[in-house]
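Residue-level listing of the chains:
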Amino acid sequence: MTFIGKVLAVVNLMIGLGILSWSTSVYFQRPSWFDPIAEGGPDRGSDPKTFAQLKQEADALLRVANTASGTWGTNLKNLEALEDRRDKRQAEYAQRLEWAHKGKDGKDAFFKPLYEKDAANKETSVMKLYEIDAAGKYTQVLGEAIVGPDNKPLKGADTLLTNFSGDVKEVQKLSGQIVKHREKYAELTLEIDKDERRLQKMIVIRDAVQGELFYLSSFEVNVYETRETVLRRQKQLVLRLIELGGVGPKK
């Protein structure tokens, strides 16, 4: 036997002894895989591994997985219902925004809000836009039309803007007419002032003429009264002379 053969034999012997000692230790220190689960659970600080314990953990995880799966399905249905609700509400808001511009069927544009009710039949802060009955029929919900200062339902913003533009044009037209009327008023005012001055002069002349007329009229009356008085006195004197046997006035 050569040297190399002896070395290989010794190495093989050492490896065999190592495997034998390892197998013996594994046999005597093998885990209790098939042992049942201890009552009250494992001791504190120990972490035994048995098939029964692993099966129990697997069953618990399976129940958790089933519960999570059911919860996921329920939440998925709720999510789909909320997404459908969101889409419907977005469509309703888009339609009402269009009404705010053009009006519903070209007429009423704004409506009083209605609110959804909770389980206690109390109004919430969520605006109610539609109803879905048990048969799945979709029905739009509208409040009363909002009225304006004229006690009539408000029209759409575009309609109001058109009316406003027309009113602005009419105001501009009337403003031009007002300017013309003011110019005419100014001209008439000058003519009135001129006629007023002429009238004042005529009143002064009239007062002077009337004063002269009153003076002449009183003078004429005085002349007539004086003449009548003289004639009356003359007649009285003649009658007195006749009574006294005198001679009357010569004719």
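Reading guide: rules and limits
- Residues numbered from 1 in each chain as written.
- Predicted model: local features only at pLDDT ≥ 70, side-chain atom pairs only at ≥ 80, totals over all residues.
- Heavy atoms only, no water.
- Helix = DSSP H or I, 4+ residues; strand = E, 2+ residues; numbered from the N terminus.
- Buried < 20%, exposed > 50% of the residue type's maximum accessible area, 1.4 Å probe, protein only.
- Contact = heavy atoms within 4.5 Å.
- Areas by Shrake-Rupley, 256 points an atom, 1.4 Å probe, with all protein chains shown as cover.
- Salt bridge = Lys/Arg side-chain N within 4 Å of Asp/Glu carboxyl O.
- Phe/Tyr/Trp six-rings, centres within 6.5 Å; stacked < 30°, edge-to-face > 60°.
- Patch = residues over 30% accessible without salt bridge, like charges linked within 9 Å, V, L, I, M, F, W, Y side chains within 5 Å.
- pLDDT = per-residue confidence, 0-100.
- Expected span 1.5 Å × (residues − 1).

Draft legend 1. Here's a closer look at the overall build of the chain. Each helix and strand counted, the chain has three helices and four strands in total. A buried classification covers 7% of the 251 residues belonging to the chain. In the chain, 52% of the contacts between residues at least 6 apart in sequence involve partners at least 24 apart. Surface accessibility of the chain: about 21900 Å² in total, with carbon and sulfur atoms responsible for 61%.

Draft legend 2. Spatial organisation of the pattern of salt bridges. Taken as a whole and assessed by the stated rule, the structure comprises nine salt bridges. Here R86 and D87 are joined by a salt bridge, their closest N and O atoms 3.3 Å apart. Through salt bridges that share partners, R85, R89 and E116 make up one connected network.

Draft legend 3. Focus on the packing of aromatic side chains. A complete count under the given rule lists two aromatic pairs for this structure. Note on W99 and F111: the rings are 5.8 Å apart at their centroids and 65° apart in plane angle, and the pair reads as edge-to-face. Here the residue W99 occupies a position in helix α2 (residues 51–102), and F111 occupies one in the loop between α2 and β1 (115–117), the gap between them amounting to twelve residues. Across the pair, F111 and W99 agree in class, each one buried.

Draft legend 4. Highlighting a nonpolar patch on the surface. Among the surface-exposed residues, F3, I4, V7, L8, V11, I15 and I19 lie close enough to one another that they form a single nonpolar patch of about 710 Å² accessible area. Inspection of the secondary structure assignment puts L8 in helix α1 (residues 3–28).

Draft legend 5. Looking closely at the confidence of the model for the chain. When pLDDT is averaged across the chain, the result is 80; 82% of the residues are at 70 or more. Taken element by element, the predicted model of the chain shows its lowest mean pLDDT in helix α3 (residues 157–243) (79) and its highest in α2 (89).

Draft legend 6. How the structure looks around α2. Here α2 contains 52 residues, and its C-alpha end-to-end distance of 75 Å stays within 8% of the 76 Å for a straight helix at 1.5 Å per residue. Among the residues of α2, Q53, R89, E92, R96, W99 and A100 are the ones counted as buried. After α2 finishes, the residue G103 shows a positive phi value of roughly 90°.

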